[in-house]
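Next come the chains, spelled out residue by residue.
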Amino acid sequence: MNEAPDTPGEPQEADRASAAAGRDAQVGETRLTKTDTLRTEETATADLPPAAIKAIPVRHWGRWIGAALVLAALAAIGLAFVNGDIAWAVVGERLTDGTFFWPAWETLKISVYAMLIGVVLGTLLAVMRLSSNPVLSAVSYAYIWFFRGTPVIVQLLLWFNLSAVFTYVDLGPIYRNEMNDVMTPFVAALLALGLNEAAYMAEISRAGIQSVDHGQTEAAHALGMSGSKTMRRIVLPQAMRVIIPPTGNEYINMLKTSSLAFAIGYGELFYVAKNVGTTDYSVMEMYLVVSVWYLGLTTIFNVGQYYLERHYSKGANRSLPPTPLQRIRGQLTAFRTPSKVGGTTV
Amino acid sequence: MSETAATGTTGTGTSGTEEDTVEPVLPMVKAEQVHKSFGHTEVLKGIDLEVAAQEVFCLVGPSGSGKSTFLRCINHLEKINAGRLYVDGRLVGYRQKGDRLYELREREVAEQRKDIGMVFQRFNLFPHMTALQNVMEAPVQVKGESKAVARERAERLLERVGLADRMRNYPAQLSGGQQQRVAIARALAMEPKLMLFDEPTSALDPELVGEVLDVMRGLAEDGMTMIVVTHEMGFAREVGDSIVFMDDGVVVESGNPRDVLTNPQHERTQAFLSKVL
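No experiment lies behind these values; they were computed from the predicted model shown.

Before we move on, could you go through the overall build of chain B and cite the residues and values that matter?
Looking only at helices and strands, one finds 10 helices and 12 strands in chain B. Computed over C-alpha atoms, the radius of gyration of chain B comes to 19 Å, within 12% of the 19 Å expected from 2.2 N^0.38 for 277 residues, which places it in the range of a compact globule. The principal-axis extents of the C-alpha atoms in chain B amount to approximately 50 × 45 × 45 Å. Across the 277 residues that make up chain B, the buried fraction comes to 56%. Carbon and sulfur atoms provide 46% of the accessible area of chain B, an area that totals close to 12400 Å². If the 32 positive side-chain charges of chain B are averaged to one point and the 41 negative ones to another, these points end up 8 Å apart.

Describe in detail the interface of chain B and chain A, supporting the description with residues and values.
By a frequent convention, interface size equals the accessible area lost on bringing the separate parts together. Listed as interface residues are 26 residues of chain B and, on the opposing side, 22 residues of chain A. Summed over both sides, the interface between chain B and chain A buries roughly 2200 Å², with carbon and sulfur atoms accounting for 56% of that surface. Together, B:Phe126, B:His128 and B:Gln141 form the three largest contributors to the area buried by chain B at its contact with chain A, with a combined 24%. Our count for the chain B to chain A interface comes out at 2 salt bridges. Summed over the shared surface of chain B and chain A, the result is 7 residue pairs in polar contact (both at pLDDT 80 or more).

Give a detailed account of the nonpolar core, specifying residues and quantitative values.
Counting residues in hydrophobic clusters, the biggest one holds 50 residues, and the most contacted among them are B:Leu158, B:Ile184, B:Met195, B:Phe197, B:Met216 and B:Met226. In terms of residues, this core owes the most to one element, helix α7 (residues 206-221) of chain B, which gives 8 residues. The next biggest cluster of nonpolar side chains, apart from the first, holds 43 residues, and it includes A:Val235, A:Ala239, A:Ala273 and A:Val289.

Before we move on, can you summarise the state of the cysteines with the specific residues and values?
Residues and elements named next belong to chain B. Applying the stated criterion to the full structure yields 0 disulfides over all chains. There is no disulfide at Cys58, and the cysteine sulfur nearest it, in Cys73, is 19 Å away. Residue classification places Cys58 among the buried positions, given a relative accessible area of 0%. A relative accessible area of 1% places Cys73 in the buried class.

How would you sum up the pairing of strand β6 (residues 94-97) of chain B? Please name residues and give values.
Residue and element names in this part refer to chain B. Both β6 and strand β7 (residues 100-103) contribute to a ladder of 4 bridges, which runs antiparallel. The residue bridging Tyr94 from the neighbouring strand is Glu103, located in β7. Connecting β6 to the next strand, β7, in antiparallel fashion are 2 residues, including Gly98 with a positive phi near 65 degrees.

Let's hear about the packing of helix α4 (residues 131-141) of chain B against helix α5 (residues 147-160) of chain B: which residues, and what values?
Residues and elements named next belong to chain B. Where α4 meets α5, the closest approach of the two axes is 9 Å, and the angle between their N-to-C directions is 130 degrees. Taken together, the axes of α4 and α5 lie oblique to each other. Judged by the sense of rotation from one axis to the other, the crossing of α4 with α5 is right-handed. The residues of α5 that touch α4, namely those facing Ala131, Leu132, Val135, Met136, Pro139 and Val140, are Lys147, Ala150, Arg151, Arg153, Ala154, Glu155, Leu157 and Leu158. Tallied by class, the residues present in the contact of α4 with α5 amount to 10 nonpolar, no polar and 4 charged.

Can you break down the sheet that holds strand β3 (residues 56-60) of chain B residue by residue, with the values?
Residues and elements named next belong to chain B. Here 6 strands make up an open sheet; going across it, the order is β8-β9-β10-β3-β11-β12 and the pairing mixed. Each edge of the open sheet is held by one strand with a lone partner, namely β8 (116-119) and β12 (250-255). This sheet shows a mean twist of 15 degrees between the axes of neighbouring strands, independent of strand direction. Sheet topology places β8 next to strand β9 (residues 194-198); 4 bridges connect them, and they run parallel. Opposite Val119, over in β9, you have Phe197 as the bridge partner. Packed on one face of the sheet, helix α2 (residues 67-74) meets β3, β8, β9, β10 (225-229) and β11 (242-247) and runs near 150 degrees to β9.

Tell me what's going on with the packing of helix α7 (residues 152-160) of chain A against helix α9 (residues 185-211) of chain A, and back it up with residues and numbers.
Residue and element names in this part refer to chain A. Put simply, α7 and α9 touch, their axes get as near as 8 Å, and they point 140 degrees apart. As the angle between them shows, α7 and α9 are arranged oblique. Taken as a pair, α7 and α9 cross one another with a handedness that is right-handed. Residues Val152, Gln155, Leu156, Trp159 and Phe160 of α7 form the contact with α9, whose own contacting residues are Pro185, Ala188, Ala189, Leu191, Ala192, Leu193, Leu195 and Asn196. Here the contact of α7 with α9 is built from residues that sort into 11 nonpolar, 2 polar and no charged.

Go over the sheet that holds strand β5 (residues 90-91) of chain B, please, and point to the residues and values.
All names here are of chain B. Within the open sheet, the 4 strands sit side by side as β2-β1-β4-β5. Their pairing is antiparallel. Among the strands making up the open sheet, the edge pair consists of β2 (41-51) and β5. Where strand β1 (residues 29-38) meets β2, 8 bridges bridge the pair, whose relative direction is antiparallel. Across the sheet, residue Val29 finds its bridge partner in β2, namely Val51. Packed on one face of the sheet, α2 meets β1, β2 and β4 (82-87) and runs near 65 degrees to β2.

Describe the packing of aromatic side chains, naming the residues involved and giving the relevant values.
Residues and elements named next belong to chain A. For the coordinates displayed, the defined rule picks out 10 aromatic pairs over all chains. Summarising the aromatic geometry, the rings of Phe101 and Trp102 are spaced 5.2 Å apart at their centres and angled 80 degrees between planes, so their arrangement reads as edge-to-face. Phe101 gets classed as partly exposed once you look at its relative accessible area, which sits at 46%. Note on Trp102: relative accessible area 57%, which makes it exposed. When the centroid spacing of 6.4 Å and the interplanar angle of 85 degrees are considered together, the rings of Tyr113 and Phe186 count as edge-to-face. Of the two residues, Tyr113 is situated in helix α5 (residues 101-130) and Phe186 in helix α9; the sequence distance between them amounts to 73 residues.

Could you give me a rundown of unusual backbone geometry, with the residues and numbers involved?
One non-glycine residue with positive phi stands out, namely A:Tyr281, at about 50 degrees. Tracing the sequence through the fold places A:Tyr281 in the loop between α12 (269-280) and α13 (283-312). Of note, the phi angle at B:Asn124 is positive, near 55 degrees, even though the residue is not glycine. Relative to the assigned elements, B:Asn124 resides in the loop between β8 and α4.

So, the pairing of β11(B): which residues are in play, and what are the values?
Successive side chains on a regular strand alternate, one facing one side of the sheet and the next facing the other. All names here are of chain B. Most of β11 sits out of view: 6 of its 6 residues are buried. Of the two faces of β11, the one carrying Ser242, Val244 and Met246 and the one carrying Ile243, Phe245 and Asp247 are both buried. Pairing between β3 and β11: 4 bridges, direction parallel. Within β11, the position partnered with Phe57 by the bridge is Ser242.

Reading the values: rules and limits
Residues numbered from 1 in each chain as written. Chains lettered and ligands numbered in written order. Predicted model: local features only at pLDDT ≥ 70, side-chain atom pairs only at ≥ 80, totals over all residues. Heavy atoms only, no water. Helix = DSSP H or I, 4+ residues; strand = E, 2+ residues; numbered from the N terminus. Rg over C-alpha atoms; globule rule 2.2 N^0.38 Å. Buried < 20%, exposed > 50% of the residue type's maximum accessible area, 1.4 Å probe, protein only. Areas by Shrake-Rupley, 256 points an atom, 1.4 Å probe, with all protein chains shown as cover. Lys, Arg positive; Asp, Glu negative; His and termini not counted. Charge placed at Lys NZ, Arg CZ, Asp CG, Glu CD. Contact = heavy atoms within 4.5 Å. Buried area = accessible area lost by both parts, 1.4 Å probe. Salt bridge = Lys/Arg side-chain N within 4 Å of Asp/Glu carboxyl O. Polar contact = N/O pair within 3.5 Å; in protein donor to acceptor, adjacent residues only side chain to side chain. Core = buried A, V, L, I, M, F, W, Y, C linked by side-chain atoms within 4.5 Å. Disulfide = S-S within 2.5 Å. Pairing = 2+ DSSP bridges. Axes fitted to C-alpha atoms, helices over the stretch in contact; angles between N-to-C directions. Parallel < 35°, antiparallel > 145°, perpendicular 65-115°, else oblique. Left-handed = near helix turned anticlockwise from the far one by under 90°. Nonpolar A, V, L, I, M, F, W, Y, C, P; charged D, E, K, R; others polar. Phe/Tyr/Trp six-rings, centres within 6.5 Å; stacked < 30°, edge-to-face > 60°.

Spelled out as structure tokens, the structure:
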């Protein structure tokens, strides 16, 4: 069959034809025998699985060169910092001596409280914005327009100096106090950061709500559920899956933006870093120390976000993604029971 | 009433023979010159029909003929532009005082919908809840039933639609046919007096259609009033008490399914059926 004739001719053609016919007959024969001895044939082939492919993988020279360049650049920058005018002993000391423990707690506190205000008010604003009620929708629109359109630092100072407009907080017989006593740095920071965040959260929530299929609302209405109940029980829980990742992003932003509250004397991380730095002549050192603190806080938060997202992906995936712990456990047990790696994570 | 009932009651005549009801019974659904437009497109151009209690009423016709829209008007998911639509003697979505119509409040519309179950083409199960939670949701949230009572009924209903072993599964873990059966159980959990089916088998693989139709057949045997928008002519012929063929927003032909499907009078019906059957 393989002999390719250089000079094609009639007799050779005929030969080939007959040879082919012969082969066909042979094939027929082998087929016959194959069906006869099917069982033995199969077991025979099962004994001989195809050899696993052993190929030389593609070499990625570019990656090695790239990695080397990046490392070199990092080393150069690191060296510059080491040799720079920075008292590293002070950095190490201030990192560990607890100076920044309570300021970090203040940062955490203000950012969590402000974020809570942002999420609750933002969701409310989003629902208002999508409402068929023109008054609610317009109020929400105006709110977002104002609070998103002015700088946070300006809003902080506006709240802090509110006594220029309202000297007293007067709620009639219930409560009456001087504005300057009410508007402490904490309250001003809380209001400014929270209300500003609400404007951003409103847009995020709106996107989340609109991402839920309209059929869900119809199904809930068809069952006799009211609009507000449909929103609370059906739409918002599903919108959460879309809302949470950008909210995590917002929270990380909030952790850092809270440093602006130093301007009104609120004793969070940055405020203390600045004070310590100027009194001890260690400004740059303290900036490095708070950077580490901020990085630490955001890292911890990233872990929390992972679990929150996992919780709200219920029903969206056939099985929940494994937690890091489950993944490790799965890999450990994989040696013993390979079939239990996936799927059993719910 | 008896003269206008002529179109819808042909089917009731056959099913009513067992009970031998002579006195005029209030129709479950009554449509009088129902018009509906989306923008400038008129989708329903004056629908008149009546659906008697315990009747299985099939709506057939080509896509875009307005049959789904009409179904959605019955539970006020769509507002009609003209005409009158009654369910169990009550005007849908409005209250009439003298010759003035007052729009119902959202709460009142919800109140009306409690008695009307609806099954959607794309199931529309709540994906963040298990099958059991889907069925329990409305009785607990709308009727204020205790969870124990709702759970017991939900379990019974899911058993009835053959999903006793799937109660803890989320919709994404169920096949299309199973999801649609959960959706039927969810609608039944409100103990409706009328069930609307909007092409319940159109989004299903052919081999899953049967299991959903079986559940619907069982419902029909139990005497549920059902309005079914469908392309399943076999189901319409076998289970339907009456059938309406709609095209371009009007009722072209109506009557007993066995007559209409085997011996269509109208040219348009003949053309449609020749393609479908």
